[in-house]
Number of protein chains: 4
Amino acid sequence: MNTIGELIEDTDLAQLCKLSRVARALNAAGHAPATSGNYSLRSKTQPGAVLISESGIDKSRFTEENFLTVDMETGLPGPCYPPKKPSAETAIHLAIYRATSAGCVLHSHLLEALLFADLYPAQAAIQVSGLELLKGFAGITTHRALITIPCFENTQDIEPFARALPPHLRGEDPIFGFILRDHGLYTWGAGVDDAKRHLEVFEYLFRYSLARRGRYQ
Amino acid sequence: MNTIGELIEDTDLAQLCKLSRVARALNAAGHAPATSGNYSLRSKTQPGAVLISESGIDKSRFTEENFLTVDMETGLPGPCYPPKKPSAETAIHLAIYRATSAGCVLHSHLLEALLFADLYPAQAAIQVSGLELLKGFAGITTHRALITIPCFENTQDIEPFARALPPHLRGEDPIFGFILRDHGLYTWGAGVDDAKRHLEVFEYLFRYSLARRGRYQ
Amino acid sequence: MNTIGELIEDTDLAQLCKLSRVARALNAAGHAPATSGNYSLRSKTQPGAVLISESGIDKSRFTEENFLTVDMETGLPGPCYPPKKPSAETAIHLAIYRATSAGCVLHSHLLEALLFADLYPAQAAIQVSGLELLKGFAGITTHRALITIPCFENTQDIEPFARALPPHLRGEDPIFGFILRDHGLYTWGAGVDDAKRHLEVFEYLFRYSLARRGRYQ
Amino acid sequence: MNTIGELIEDTDLAQLCKLSRVARALNAAGHAPATSGNYSLRSKTQPGAVLISESGIDKSRFTEENFLTVDMETGLPGPCYPPKKPSAETAIHLAIYRATSAGCVLHSHLLEALLFADLYPAQAAIQVSGLELLKGFAGITTHRALITIPCFENTQDIEPFARALPPHLRGEDPIFGFILRDHGLYTWGAGVDDAKRHLEVFEYLFRYSLARRGRYQ
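**Brief notes about the overall build of chain A**
Then comes step 1: Counting secondary structure elements, chain A contains 6 helices and 8 strands.
Then comes step 2: Listing the helices and strands of chain A from first to last along the sequence gives α-α-β-β-β-α-β-α-β-β-α-β-β-α.
Then comes step 3: Relative to the globule expectation of 17 Å for 217 residues, the C-alpha radius of gyration of chain A, 17 Å, shows essentially globular dimensions.
Then comes step 4: Taken along its principal axes, the extent of the C-alpha atoms in chain A is 55 × 35 × 30 Å.
Then comes step 5: The long-range share in chain A, meaning contacts at least 24 apart out of those at least 6 apart in sequence, stands at 64%.
Then comes step 6: If you average the places of the 21 positive and of the 24 negative side-chain charges in chain A, the two averages end up 6 Å apart.

**Details of the interface of chain B and chain C**
Then comes step 1: Counting from both sides, the interface comprises 22 residues of chain B and, opposite them, 22 residues of chain C.
Then comes step 2: In total, about 1800 Å² of surface goes out of reach between chain B and chain C, with carbon and sulfur atoms giving 51% of it.
Then comes step 3: Applying the counting criterion to the chain B and chain C interface returns 3 salt bridges.
Then comes step 4: Between Asp193(C) and Arg61(B) there is a salt bridge, and its shortest N-O distance comes to 3.5 Å.
Then comes step 5: For the interface between chain B and chain C, the tally reads 12 residue pairs in polar contact (both at pLDDT 80 or more).
Then comes step 6: For the side of chain B that touches chain C, the class distribution of residues is 7 nonpolar, 9 polar and 6 charged.

**Digging into the sheet that holds strand S4 (residues 104–108) of chain B**
Residues and elements named next belong to chain B.
Then comes step 1: Reading across the sheet, the 8 strands line up as S3-S2-S1-S4-S8-S7-S6-S5 and stay open at both edges, with mixed pairing between neighbours. Each of the sheet's edge strands pairs with one partner strand only, and the pair in question is strand S3 (67–71) and strand S5 (125–128). Geometrically, the sheet is characterised by an average inter-axis angle of 20° between neighbouring strands, direction not taken into account.
Then comes step 2: In terms of strand pairing, strand S7 (residues 177–180) meets strand S8 (residues 184–189) through 4 bridges, oriented antiparallel. Bridge pairing in S8 links Phe-178 to Tyr-186.
Then comes step 3: This element, helix H6 (residues 192–212), spans strand S1 (38–42), S4, S5, strand S6 (147–152), S7 and S8 of the sheet and lies at about 140° to S8.

**Observations concerning the packing of aromatic side chains**
Each aromatic ring pair is characterised by the separation of its centres together with the angle its planes make.
Then comes step 1: Overall, the coordinates contain 48 aromatic pairs over all chains when judged by the stated rule.
Then comes step 2: Between Phe152(D) and Phe178(D), the ring centres sit 5.4 Å apart and the planes meet at 80°, which makes this aromatic pair edge-to-face. A residue pair is termed long-range when its members are at least 10 positions apart, and Phe152(D) in strand S6 (residues 147–152) and Phe178(D) in strand S7 (residues 177–180) qualify at 26 residues. Phe178(D) shares its class with Phe152(D); the two are buried.
Then comes step 3: Taken together, the ring pairs in this structure connect Phe116(A), Tyr120(A), Phe137(A), Phe176(A), Phe202(A) and Phe206(A) into an aromatic cluster.
Then comes step 4: Here the guanidinium or amino end of Arg213(C) rests over the ring plane of Tyr120(C), the centre of that ring lying 5.6 Å away.

**Digging into the relation of the copies chain C and chain D**
Then comes step 1: Overlaying chain C on chain D yields an RMSD of 0.0 Å, the required transformation being a rotation through 90° with an accompanying axial translation of 0.0 Å. With respect to symmetry, the two chain copies, as superposed, fit the operation of a four-fold axis.
Then comes step 2: Little of the interface of chain C is mirrored in chain D, where only 9% of its interface residues are also at the interface.

**Concerning the interface of chain C and chain D**
Then comes step 1: Of the residues lining the interface, 22 residues belong to chain C; the matching set on chain D comes to 23 residues.
Then comes step 2: Taken over both partners, the interface formed by chain C and chain D buries close to 1800 Å², and the fraction arising from carbon and sulfur atoms is 51%.
Then comes step 3: Between chain C and chain D we count 3 salt bridges in total.
Then comes step 4: At the surface where chain C touches chain D, the tally comes to 12 residue pairs in polar contact (both at pLDDT 80 or more).
Then comes step 5: Of the residues belonging to the side of chain C that touches chain D, the class tally is 7 nonpolar, 9 polar and 6 charged.

**Quick word on the pairing of strand S8 (residues 184–189) of chain A**
Residues and elements named next belong to chain A.
Then comes step 1: When you tally the buried positions in S8, you get 6 out of 6 residues, the bulk of the element.
Then comes step 2: Neither face of S8 is exposed, since Gly-184, Tyr-186 and Trp-188 on one face and Leu-185, Thr-187 and Gly-189 on the opposite face are all buried.
Then comes step 3: Relative to S8, strand S4 (residues 104–108) is paired through 5 bridges, and the arrangement is antiparallel. Within the sheet, the bridge partner assigned to His-107 lies in S8 and is Tyr-186.
Then comes step 4: The hairpin formed by strand S7 (residues 177–180) and S8 contains 3 residues between the paired strands, and Asp-182 there has a positive phi angle of roughly 60°.

Thresholds applied
Residues numbered from 1 in each chain as written. Chains lettered and ligands numbered in written order. Predicted model: local features only at pLDDT ≥ 70, side-chain atom pairs only at ≥ 80, totals over all residues. Heavy atoms only, no water. Helix = DSSP H or I, 4+ residues; strand = E, 2+ residues; numbered from the N terminus. Rg over C-alpha atoms; globule rule 2.2 N^0.38 Å. Contact = heavy atoms within 4.5 Å. Lys, Arg positive; Asp, Glu negative; His and termini not counted. Charge placed at Lys NZ, Arg CZ, Asp CG, Glu CD. Buried area = accessible area lost by both parts, 1.4 Å probe. Salt bridge = Lys/Arg side-chain N within 4 Å of Asp/Glu carboxyl O. Polar contact = N/O pair within 3.5 Å; in protein donor to acceptor, adjacent residues only side chain to side chain. Nonpolar A, V, L, I, M, F, W, Y, C, P; charged D, E, K, R; others polar. Pairing = 2+ DSSP bridges. Axes fitted to C-alpha atoms, helices over the stretch in contact; angles between N-to-C directions. Phe/Tyr/Trp six-rings, centres within 6.5 Å; stacked < 30°, edge-to-face > 60°. Buried < 20%, exposed > 50% of the residue type's maximum accessible area, 1.4 Å probe, protein only. Lys NZ or Arg CZ within 6 Å of the ring centre and 35° of its normal. Least-squares fit on C-alpha atoms with pLDDT ≥ 70 in both.

Written as structure tokens, this is what we have:
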């Protein structure tokens, strides 16, 4: 049996350890109930490789050993004994890496993401502005910036969804994440720190919007 | 005085330790205020035996020593010096073990379980569907699955309630738990991990439903 | 300088340590913001003595050294160098010890206590019933029990308030605590465990009542 | 590279360590999502110097090494290798130190501060009274005291805002903090303990007011 540390280089391993620590903290804060949630990194040492969390782990016990390597184009797992099953939503992570310069992708089941999208039931995207904390998104320098959050209906057909995703990740306004209705939020950033910070902005934005509409928590 | 470790085999003891740890975490998350909540395991080494939590323990201090053995058919306690008093709701646990293949039963006083049932005041059962996280229930593979949650009026007559329970635990749609109104939730699973995961799904479902009805937290 | 351990006997000291631990946990759960909250024990070794928390301590740092002895009848502090200032609400604690058999008194600023009382703005007492968790109150064996919660207007005139308090602590229905409007809750029990358990019942009851009235956090 | 401990005297260093600890606790309680929040101390050993937190630090990892010295009049950073960038809102901290006797300033992005101000959309200041916990503000001895909370529109033009601030910090009623709408709260006190206590009073006041208006969190 190979530990993940034997299969990847130290640069990637350090980031996996950091991301695992973030994942455990996110779990404690309600982002990953019932083994939900999945996380990934773009490898900095293996071109075309992504490190993705395995399926079905209780995130209170999540560590760097719960990752495996997959090929960014084919989605096929790299060497790993005993074999681990990559997250059922791996294809969505790979689509994000192909369509953006993201180095880290986080998928949260935060209840407020679902409730926020419910405030705008018929919209394919939600536009937000006016909060100082939006400056937590990379490159945003004023609370007056407009941010777009695409919203999709939930599906169990992950592959076609992932194939159709890329054009929705580019728009006139900056996009830092999208919502799958009744499912959860995807967000990403240049690295673990950026992705975590973006998730914190989204959580705050969702809570603020819900409270102002009197429909919360 | 016998410790629980002297009275049961290591296979069961390891699961009790795991369940105790879960119980302390559930307490911290509001599932067991004021010494409420009770927990049990079906013994893997003693056929016909159930390990049930003793009555009246502050769950912030709950350990494997707060369990005792009871006979699944008679409810009579096994050897235990000094004697411990089994949970006043032991009969409900035993009825669940007889009616299902559960290996672990959790009883929570989570406030949201009561509030959720209050949304449906005249119903003997509540049917839910549409949330991705329902896939956290064992064997559920799509958010479109229909789940049934039986709801009963609260009672202090535990024995007759327990005798009448079994037929309510089988239905057309899968059942992973039931609510006692103004009292709490029972849920179960093949083992500690499954039961814990099911409880997390219920909690999320309750919060979501309450928030969407604007009656929360 | 005398530590509290040099001034009282071990029986009392052990209870102070336990109560201090409870106080720190209550602080973390929102019961004692901004140095509010005060706690006391009836001495088991010095007849007529009460151990009361000193004034103005940040409860995140509260220890057994933040208690001093006062005389139950006169309220005068016992020996203590350097002198500590007893809680400004000491007289209320003493009135409770004189009027009841309480061994421990807890005063919480829990926001939900204020909001709960606000649901009944013109009432001198609130009667509750119907929750399974009411069985967490000592001696209550059914959710159908009636519990009375006296409610008083807030005041800075602690001494006259304390003198007038005793008759309000006895009634037809059992009383386990009272609310000072826009201020907080007093509760008590035979010892630290009972008082803590009663506080947990109150917190749950308040949250439930507020949520059912749609006025909550 | 100089550590902060080599650049300032022990008296200041001890306070920085205390403030850093408070900052990490505030982060855990939701006051500083997405690297927001900033904190400062008036130096007790260097006249005219303020110790201000550097820009952009994840507050879960905040330590005394994340401070640097700035001149209270000019805002220019003191010696520091490698150079750190002072908080973008340093000018606001300095204006508070010049206009008041504060020894410590805390800036929080607590969601409830924004929501509270939203209850009073057209007001330049909000007056509060009637809560026992208001006595947590320094010098306040009765819940009947009147407290004023100035409210300002958010801006990215920090320097002119800071220059215009001082007259708003003095009024008929005591002022312990102000709100920047859709941004956050500034509060201060004689030292770290006072500032922390004031922040706890504000948080409680905001939650109470929001819950009573049925618009909460």
